[in-house]
Amino acid sequence: MVELLPTTDTFKLYEKKFKALSDHKRLEIMHLIQKHQSLCVCDLAEHIAMPQSKLSYHLKQLLDAGFLNVEKKGTWNYYSIRNEGVNEVLSPALCCLFRNEDSAC
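Predicted model only: the values in this text are computed from it and were never measured.

Undergrad: A description of the pattern of salt bridges should follow, citing residues and the corresponding values.
TA: Under the criterion given, the structure shown has four salt bridges. We note a salt bridge from Lys60 to Asp64, for which the minimum N-O separation is 2.7 Å. With a gap of four residues between them, Lys60 and Asp64 both fall in helix H4 (residues 52-64), about one helical turn apart. Ionic pairing is found between Glu84 and Arg82, a salt bridge with its closest N-O pair at 4.0 Å. Exposure remark for Glu84: the relative accessible area of 53% places this residue in the exposed category.

Undergrad: Got a sec to walk through the sheet that holds strand E1 (residues 39-40)? Specific residues and values, please.
TA: Here three strands make up an open sheet; going across it, the order is E1-E3-E2 and the pairing antiparallel. Edge strands, defined here as strands with exactly one partner in the open sheet, are E1 and strand E2 (68-73). Sheet analysis places E2 next to strand E3 (residues 76-81), joined by six bridges and oriented antiparallel. In the sheet register, Val70 faces E3, and the bridge partner there is Tyr79. Set on the sheet, H4 makes contact with E2 and E3; between it and E2 the angle comes to about 125 degrees.

Parameters at a glance
Residues numbered from 1 in each chain as written. Predicted model: local features only at pLDDT ≥ 70, side-chain atom pairs only at ≥ 80, totals over all residues. Heavy atoms only, no water. Salt bridge = Lys/Arg side-chain N within 4 Å of Asp/Glu carboxyl O. Helix = DSSP H or I, 4+ residues; strand = E, 2+ residues; numbered from the N terminus. Buried < 20%, exposed > 50% of the residue type's maximum accessible area, 1.4 Å probe, protein only. Pairing = 2+ DSSP bridges. Contact = heavy atoms within 4.5 Å. Axes fitted to C-alpha atoms, helices over the stretch in contact; angles between N-to-C directions.

Shown next as structure tokens:
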């Protein structure tokens, strides 16, 4: 297990990750991608009833936070869940930043 240090950079990194997860539409997008294993913007736009430009903005937030993988196929980008990114925010290492020293990690 990687030990996280309580530095400004660590806090900024997780601020970005949690900010990406703090939006209802982004959570819905992640759920749809997980459910279908991989989706392009065109397919997501049908499922989520959102203009492609707004959808692309939300996908960029999730991609920049490390929650998605992207693969270009022809003219479309296909998005899938990056399990390492999701598992990182649920990890014991992150929880240890907020536990008392006498609590086990």
